[in-house]
Amino acid sequence: MDSFLITGGQRLKGRLAVSGSKNAALPLMAAALLTDQPVTLRNVPRLRDIRNMIGLLGELGVEASPWNEPGEPLTLRTTDPTPVHARYDIVKTMRASICALGPMLAGRGHARLALPGGCAIGPRPVDLHLRGLRALGARITLNAGDVVAEAPDGLRGATIFLGGPFGSTVLGTANILSAAVLARGETIIESAACEPEIVDLARLLTAMGAHIEGAGSPRITIHGVDSLHGADHTVMPDRIEAATYIMAAAATNGSLTLDNCPYDDLLAVLDRLDEIGVAVTPHKGRAPQRPCTVDVECRSRRLAPVQVTTQPHPGFPTDVQAQIMALLCLADGHSVVTEKIFPERFLHVAELQRMGAQLFRQGPTVIVSGVPNLVGAPVMASDLRASASLVIAALAAEGETRIDRVYHLDRGYETMETRLTALGAHIERIEAPATLSHPAPMRE
Ligand code: EPU
């Protein structure tokens, strides 16, 4: 398993373009199961999770275009609509495989998908997904670790409440939305996830012929249609990647120009950054709701402490909690970070402490007492965003940090070391000898 060797202390400086969003791309790809015509996706990030999804769709009779060259669109086309089993071997490598369930059921009347199982960031139940599909008329059973969903006579519209103890569910909303587009009659999803990735999915489904109102709000109305056709769609930029590079620039007191930045999707993050003392300024001529170019600059060398509470969109995203914690380790005072989506998502805490961070965790809250410097140390990446937080800490730390198990980062950040090197970071990938390199389950 590869490692990163990072010598901290270099100010990041330069220009970077935000990649396409991983979390948007995965359900968009699964939507190819809904039609036998080609679905072309542009700006798909070149990540391991995307390759995993191509592999899963391949097993389900969806052919992918070669997609070897950077910038090349990915075209997916169902050539064999008969397979209905997403096996554990694939699902266990990527929890987001669950987003194939709704489209497969709607398109084929039958779907069998291995339950994803445990996850590094805490419990990840799928009860809301199943409740939604049941409401659409599917018969759901469990068999040998697989969810089996059947609707041989098709799905029928219904009113479905998708709220759970931690808010709505993003992939659950994606699943029910993708299933309801082919259901008979009208479906109303109440307490739908409002994340921008759901809006992006609704855009693709609409381009494929679906009738959807209200995506991006807590109530989505879908008028079912008999069939969908192919479409050509550009994946939205990755708001989590953008936030990660902004935090990395801020932690090193750097200055960054970020192209293709989804500014309007990041308002909660920008609000916290503003209070910390990090200015993210859009270039002139920015059109509302459109990606734009922004400049990132610290207003002072001293960062201010803040309170951060993660919430469903448009609140502060859980996927940026670990990264902002790394930044707050260097603020001048005490910050409070509370995790309300995945209350156990704190694997980065112990690793940051190894680098000299002063962190005190009680349940879903961490008190961060800022220190003047972090100090490089050997640390272990544990999940995607925890790993990003360690990279940010290492870039700012004195001395050398070795981050082991960076395969987590490869799942969600395209060529991270190359891009950071271009910004002036001292970062090197140490490849594990082939014989020692065995892929571990990656589930978050
Ligand atoms: N939940 C339930 N029941 C369900 C589904 C979810 O109780 O049936 C709970 C979860 O346990 C959690 C909360 O609801 O407490 C929200 O989970 P959600 O279902 O929204 O998460 P997800 O859709 O599985 C996506 C992202 C995650 C991101 C979360 C929250 C993808 C592929 N994954 O997961 O991204 O953290 O939404 O925003 O879109 C990441 O990119 O690092 C990542 C983990």
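Residues numbered from 1 in each chain as written. Predicted model: local features only at pLDDT ≥ 70, side-chain atom pairs only at ≥ 80, totals over all residues. Heavy atoms only, no water.

Engineer: An account of the overall build of the protein chain is needed here, citing residue identities and associated values.
Structural biologist: Broken down by element type, the protein chain carries 14 helices and 24 strands. Relative to the 2.2 N^0.38 estimate, which gives 22 Å for 444 residues, the radius of gyration of the protein chain is 21 Å and therefore close to what a compact globule would have. Its C-alpha atoms give the protein chain principal-axis dimensions of roughly 65 × 50 × 45 Å. Relative to its 444 residues, the protein chain shows a buried fraction of 58%. Within the protein chain, residue pairs in contact and separated by at least 24 positions form 74% of the contacts whose partners lie at least 6 positions apart. Taken as a whole, the protein chain presents about 17100 Å² of accessible surface, with 51% of it coming from carbon and sulfur. Averaging the positions of the 41 positive and the 46 negative side-chain charges in the protein chain gives two centres separated by 2 Å. (Helix = DSSP H or I, 4+ residues; strand = E, 2+ residues; numbered from the N terminus. Rg over C-alpha atoms; globule rule 2.2 N^0.38 Å. Buried < 20%, exposed > 50% of the residue type's maximum accessible area, 1.4 Å probe, protein only. Contact = heavy atoms within 4.5 Å. Areas by Shrake-Rupley, 256 points an atom, 1.4 Å probe, with all protein chains shown as cover. Lys, Arg positive; Asp, Glu negative; His and termini not counted. Charge placed at Lys NZ, Arg CZ, Asp CG, Glu CD.)

Engineer: Can you lay out the pattern of salt bridges for me, pointing to particular residues and giving the numbers?
Structural biologist: Inspection of every chain in the model, using the stated rule, returns 23 salt bridges. Among the ionic pairs, Glu 150 bridges to Arg 139, the shortest N-O distance being 2.9 Å. Linking Glu 150 in strand β9 (residues 146-150) with Arg 139 in strand β8 (residues 139-143), this pair joins segments that are 11 residues apart in sequence. We classify Glu 150 as partly exposed; its relative accessible area is 22%. Judged by its relative accessible area of 52%, Arg 139 is exposed. One salt bridge in this structure joins Arg 419 and Glu 241, with 2.7 Å as the shortest N-O distance. Taken together, the residues Arg 419 in helix α14 (residues 416-422) and Glu 241 in helix α8 (residues 239-251) connect sequence positions 178 residues apart. (Salt bridge = Lys/Arg side-chain N within 4 Å of Asp/Glu carboxyl O.)

Engineer: Hey, could you go over empty space enclosed by the protein for me, with residue numbers and the actual values?
Structural biologist: Scanning all chains against the criterion turns up 1 cavity of 30 Å³ or more. Taken as a whole, the largest cavity spans an internal volume of roughly 30 Å³. Around the largest cavity, the lining residues are Thr 318, Gln 321, Ala 322, Arg 345, His 348, Asp 383, Arg 385 and Ala 386. Those elements giving two or more residues to the lining of the largest cavity turn out to be α10 (321-328) and α12 (384-396). Here the residues of the lining of the largest cavity sort into 2 nonpolar, 3 polar and 3 charged. (1 Å grid on protein atoms, 1.4 Å probe; cavity = no way out; pocket = protein on both sides within 12 Å on 5 of 7 lines; lining within 4 Å. Points joined across faces, edges and corners; volume = space filled by probe spheres on them. Nonpolar A, V, L, I, M, F, W, Y, C, P; charged D, E, K, R; others polar.)

Engineer: Report on the site of the ligand, specifying residues and quantitative values.
Structural biologist: Around the ligand sit 24 residues in total, of which Leu 128, Thr 169, Asp 319, Ile 341 and Arg 385 are the nearest. One of the backbone N or O atoms of Leu 128 is found 2.7 Å from an oxygen atom in the ligand. Between the ligand and the protein, one listed contact pairs an oxygen atom with a backbone N or O atom of Val 170 at 2.8 Å. Contact with the protein chains hides 94% of the accessible area of the ligand, taken as 830 Å² for the molecule alone. In this structure the site holding the ligand corresponds to the largest pocket. (Near = heavy atom within 4 Å. Polar contact = N/O pair within 3.5 Å; in protein donor to acceptor, adjacent residues only side chain to side chain. Sits in = over half its atoms within 2 Å of the grid points.)

Read these as spatial facts, not as claims about activity.
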